[in-house]
Amino acid sequence: MFAAERRQLILEMVRANGAVSLRELARVVQTSEVTVRRDVRALEAEGLLDRRHGGAVLPGGFTRESGFPQKSHLATAEKTAIADLAAGFVEEGEAIVVGAGTTTQELARRLARVPGLTVVTNSLLVAQALAHANRVEVVMTGGTLRGSNYALVGSGAEQSLQGLRVSRAFLSGSGLTAERGLSTSNMLSASVDRALVQAAGEVVVLADHTKLGSDTMFQTVPTDVITRLVTDEPPGHDDRAATELQALADQGVQIAVAGGAGAGHGAGQQGLDAAAERRGPRRDVPLPGQRRSHAPGAGGGAPQLRPAAPLSEAQGGRVADLAPRRR
């Protein structure tokens, strides 16, 4: 494929999806990430797209939301690894909320094996993934169906969450930065996600590395409310993603990186190690969930809150050795 053909295809993918990772672009155009990065730089110089950490987005500073068909084919391997790792934080008999998204849908498929679990969700995709799980109770919000992501939104969804109290919320979004936290491109979706957060003692964000550093219009979860980020290993050349992870850790977010037993030797780990060397001796990362305080819910039926489950090697990932820098 000639350079002009490659760049036209790259441009069409970004226009169709809003944001595409370099890894995905290289796979589709059947070339190396180095070549794709060079093509993206050329297209950025013409003002046709903007570069972001490990990918490309529509020009203008804010990524727009893609529809479900496009999202379901983006970063599929990364989403699978993140879902595998995140499922290990869910305990038997727990009550949780799970927001809408393709990554949370992958998580729901794995939660079907957790006995005694109660899942509250506004996502038809999450509910469908758990529909035949005999030992999992699914509670759906009310609301108006938003067809682009098969989620229930609006005042009906928000009102149905009032008075709810669960141990953890698992959420995804369109972008994540240390400055603004998790964000999304749709006002109605953002409002429901904020209501989900209010119902939870801890907040776990699921976001692949292409969302790190991306900023979208509506903030859903401020950084200081995020307990843990579950992400995949950024490519070794993506120093900016490693820097963003360190910035999140500096604000007290626990970082769990999916990547299997060999994660410590991956290219992305080199960037994390470099960040760790720059910050000096390690200090323990405080559990951000301890910073939050909620008034007890009405009635005696609220589930008991427990600290975030520790990560074991058997869960196929690691907690990154990132701690807040000394002031």
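Keep in mind the model is a prediction, meaning the values are calculated, not measured. (Residues numbered from 1 in each chain as written. Predicted model: local features only at pLDDT ≥ 70, side-chain atom pairs only at ≥ 80, totals over all residues. Heavy atoms only, no water.)

### A short note on helix 10 (residues 239-250)
Helix length check: helix 10 (12 residues) gives 16 Å between terminal C-alpha atoms against 16 Å at 1.5 Å per residue, within 8%. Taken as a whole, helix 10 has its buried residues at Ala 241, Ala 242, Glu 244, Leu 245, Gln 246, Leu 248, Ala 249 and Asp 250. (Helix = DSSP H or I, 4+ residues; strand = E, 2+ residues; numbered from the N terminus. Expected span 1.5 Å × (residues − 1). Buried < 20%, exposed > 50% of the residue type's maximum accessible area, 1.4 Å probe, protein only.)

### What to know about the packing of helix 5 (residues 76-87) against helix 6 (residues 102-111)
It is the contact of helix 5 with helix 6, at a shortest axis distance of 8 Å, that shows an interaxial angle of 50°. Judged by the inter-axis angle, helix 5 sits oblique to helix 6. In the crossing of helix 5 with helix 6, the sense of the turn from one axis to the other is right-handed. Of the residues in helix 6, those touching helix 5 at Lys 79, Thr 80, Ile 82, Ala 83, Asp 84, Ala 86 and Ala 87 are Thr 102, Thr 103, Glu 106, Leu 107, Arg 110 and Leu 111. Classifying every residue of the contact of helix 5 with helix 6 by side-chain character gives 6 nonpolar, 3 polar and 4 charged. (Axes fitted to C-alpha atoms, helices over the stretch in contact; angles between N-to-C directions. Parallel < 35°, antiparallel > 145°, perpendicular 65-115°, else oblique. Left-handed = near helix turned anticlockwise from the far one by under 90°. Contact = heavy atoms within 4.5 Å. Nonpolar A, V, L, I, M, F, W, Y, C, P; charged D, E, K, R; others polar.)

### Quick look at the sheet that holds strand 13 (residues 218-221)
Judged by pairing direction, the sheet is antiparallel, and its 3 strands sit side by side in the order 10-11-13 without closing on themselves. Every interior strand has two partners, whereas the edge strands, strand 10 (175-177) and strand 13, have only one. Averaged over neighbouring strand pairs, the angle between their axes works out to 35° when direction is ignored. Both strand 11 (residues 181-184) and strand 13 contribute to a ladder of 3 bridges, which runs antiparallel. Across the sheet, the residue bridging to Thr 184 is Phe 218, located in strand 13. The sheet contacts of helix 9 (residues 187-198) involve strand 11 and strand 13, and relative to strand 13 the element is tilted by about 20°. (Pairing = 2+ DSSP bridges.)

### With respect to the pairing of strand 4 (residues 95-98)
On strand 4, burial covers both faces: Ala 95 and Val 97 on one face and Ile 96 and Val 98 on the other are all buried. Here 4 bridges tie strand 4 to strand 5 (residues 117-121), and the two strands are oriented parallel to one another. If you follow Val 98 over to strand 5, its bridge partner there is Thr 121. Bridge count between strand 4 and strand 9 (residues 166-171): 3 bridges; the pairing is parallel. Bridge pairing in strand 9 places Val 98 opposite Phe 170.

### Considering the nonpolar core
If you look at the biggest cluster of nonpolar residues, it comprises 32 residues, and the most contacted ones within it are Leu 176, Val 205, Val 221, Leu 229, Leu 248 and Ile 255. Every element with two or more residues in this core is listed here: strand 4, strand 9, helix 9, strand 12 (200-206), helix 10 and strand 15 (254-258). Counting 25 residues, the second largest nonpolar core, distinct from the first, contains Ala 86, Leu 107, Val 114 and Val 119. (Core = buried A, V, L, I, M, F, W, Y, C linked by side-chain atoms within 4.5 Å.)

### Some points on the environment of Asp 39
Turning to its location among the elements, Asp 39 is positioned in helix 3 (residues 33-45). Through-space distance from the C-alpha of Asp 39 to that of Arg 6 is 7.8 Å; in sequence the pair is 33 residues apart. Among all residues touching Asp 39, those that are not within four sequence positions of it are Arg 6, Arg 7 and Ile 10.

### Concerning the confidence of the model for the protein chain
Mean pLDDT over the protein chain stands at 77; residues scoring 70 or higher make up 72%. Across residues 66-73 the pLDDT falls below 50, and counting only partners more than four positions away or on other chains, this stretch makes 16 contacts in the model. (pLDDT = per-residue confidence, 0-100.)

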